[in-house]
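Analysis of the macromolecular model
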Amino acid sequence: MAGPVKDREAFQRLSFLYQAAHCVLAQDPTNQALARFYCHTERTIAKRLVLRRDPSVKRTLCRGCSSLLIPGLTCTQRQRRCRGQRWTVQTCLTCQRSQRFLNDPDHLLWGDRPEAQLGSQADLKPPQPLPNAAHPIPAHLPEEKV
Amino acid sequence: MSQQAREDQLQRKAVVLEYSTRRKQKEKKKKSKGLSARQRRELRLFDIKPEQQRYSLFLPLHELWKQYIRDLCGGLKPDTQPQMIQAKLLKADLHGALVSVTKSKCPSYVGVTGILLQETKYVFKILTKEDRLKVVPKLNCVFTVEIDGFISYIYGSKFRLRSSERSAKKFKAKGTVDL
């Protein structure tokens, strides 16, 4: 499924904003306001155009204050046990909002389901945060999901 | 009979006594979906301290933007019609672009050049080479964006939207394009 043209441009824009936020944070770890602004713009665009995003990308954005979550820098990540299962708890440092993810070694198959494989023209992992120089990461739809 | 009927009616009538409704304890705090006022109070926007972050720190951002635009248009300079580039630019994101103000109703804004850091509804925030954050209103201003030899003029008066809304909106040519 090729997908309509407008969506492709929109997805490119989303991915550009995401990489730009990473770039800004890489340059200057103390200035989170700009990264937050970019992520907020991103979220508004996705909301306006109703675009689906890959869950691995969604997890790195805080839902409350829409800042970019980087464990160690903007958020804390702990592992807890709750009711006999292992959860990973991510807490955003700005709005104190926590997210919990189930962490079960037996259940790592959701990314390999056949529907995900059909639509994965691009890689399913989020773009790496850029170090100092700008790497030529192709901004090709990392978030599009069939 | 009528008296019996009347009595019946009286006896079966529902009489409303005093009542008191207990309001559910004041709707619980919404699950923080949109803490708008509180969000803004946390100064999501820029603060002045980053002015000490030099212009050079944002150059990689500019490189990233250039690659993004090149990728978006899919070609450098050959025979791509300017129409396509313009149409794509309308929906594209301008954060990190090198913009300069060519014409403006207020002469002190003309000539401001720098990297676009933030775009809000009515304003561009531009960081100049001398590390000064300039806040330029979009009204009555013409901005120049240059990419790979293509120069486009952006009429700020038509662009008075948040950048996220811009990609969702279709533009019509309406009215005169004058300052």
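Scoring rules and cut-offs
- Residues numbered from 1 in each chain as written.
- Chains lettered and ligands numbered in written order.
- Predicted model: local features only at pLDDT ≥ 70, side-chain atom pairs only at ≥ 80, totals over all residues.
- Heavy atoms only, no water.
- Contact = heavy atoms within 4.5 Å.
- Buried area = accessible area lost by both parts, 1.4 Å probe.
- Salt bridge = Lys/Arg side-chain N within 4 Å of Asp/Glu carboxyl O.
- Pairing = 2+ DSSP bridges.
- Helix = DSSP H or I, 4+ residues; strand = E, 2+ residues; numbered from the N terminus.
- Axes fitted to C-alpha atoms, helices over the stretch in contact; angles between N-to-C directions.
- Buried < 20%, exposed > 50% of the residue type's maximum accessible area, 1.4 Å probe, protein only.
- Expected span 1.5 Å × (residues − 1).

Contacts between the two partners involve 40 residues from chain B and, on the opposite side, 36 residues from chain A. With both sides pooled, the region where chain B packs onto chain A buries about 3200 Å², and carbon together with sulfur makes up 56% of that total. Broken down residue by residue, the surface that chain B buries against chain A is led by Arg44, Leu64 and Tyr68 of chain B, which jointly contribute 19%. The interface formed by chain B and chain A contains one salt bridge. With its nearest N and O atoms 2.7 Å apart, the salt bridge here joins Arg13 of chain A to Asp93 of chain B.

On to the sheet that holds strand 3 (residues 98–102) of chain A, then. Pairing between sheet strands relies on hydrogen bonds along the backbone, with the strands arranged either parallel or antiparallel. Residues and elements named next belong to chain A. An order of 1-2-3 is seen for the three strands of this open sheet, with the pairing classed as antiparallel. Sheet topology places strand 1 (75–82) and strand 3 at the edges, where each strand pairs with a single neighbour. This sheet shows a mean twist of 25 degrees between the axes of neighbouring strands, independent of strand direction. Examined bridge by bridge, strand 1 and strand 2 (residues 85–92) share eight bridges and lie antiparallel to one another. When the sheet's bridge partners are listed, Cys82 is paired in strand 2 with Gln85.

All names here are of chain A. Taken as a whole and assessed by the stated rule, the structure comprises four salt bridges over all chains. The shortest N-O distance in the salt bridge between Glu42 and Arg53 comes to 2.9 Å. Of this pair, Glu42 sits in helix 2 (residues 32–49) while Arg53 sits in the loop between helix 2 and helix 3 (55–58), and the two are eleven residues apart along the sequence. Judged on exposure class, the residue Glu42 and its partner Arg53 are both buried.

All names here are of chain B. Judged by how many residues are buried, strand 3 (residues 123–128) sits mostly within the fold: six of six residues are covered. What you see with strand 3 is no split at all: Val123, Lys125 and Leu127 on one side and Phe124, Ile126 and Thr128 on the other are buried throughout. Direction of pairing for strand 2 (residues 113–119) relative to strand 3: antiparallel, over a ladder of five bridges. If you follow Gln118 over to strand 3, its bridge partner there is Lys125. What sits between strand 2 and strand 3 in their antiparallel hairpin is a turn of three residues. Alignment of strand 3 against strand 4 (residues 133–137), held across five bridges, turns out to be antiparallel. Directly across from Leu127, in strand 4, lies its bridge partner Leu133. Hairpin connection, strand 3 to strand 4: the antiparallel pair is bridged by four residues, and Asp131 has positive phi, about 60 degrees.

Within the secondary structure layout, Arg52 of chain A lies in the loop between helix 2 and helix 3. Each C-alpha atom, one on Arg52 of chain A and one on Phe16 of chain A, is 16 Å from the other, the two residues being 36 residues apart in sequence.

All names here are of chain B. Look at helix 3 (residues 59–73): 21 Å from first C-alpha to last across 15 residues, which is about the 21 Å you get at 1.5 Å a residue. Looking at helix 3, one finds that the buried residues are Pro60, Leu61, His62, Leu64, Trp65, Tyr68, Ile69, Leu72 and Cys73. In the stretch just after helix 3, Gly74 is the one whose phi turns positive, near 75 degrees.

Time to look at the sheet that holds strand 1 (residues 98–104) of chain B. Residue and element names in this part refer to chain B. Taken in spatial order, the six strands make up an open sheet running 4-3-2-1-5-6, and their pairing is antiparallel. Every other strand in the sheet has two partners, leaving strand 4 and strand 6 (150–155) as the edge strands with one partner each. Averaged over all neighbouring strand pairs, the angle between strand axes comes to 40 degrees, with direction disregarded. When strand 1 meets strand 5 (residues 141–147), the two strands line up antiparallel, connected through five bridges. For Val99, the partnering residue across the bridge sits in strand 5 and is Val145.

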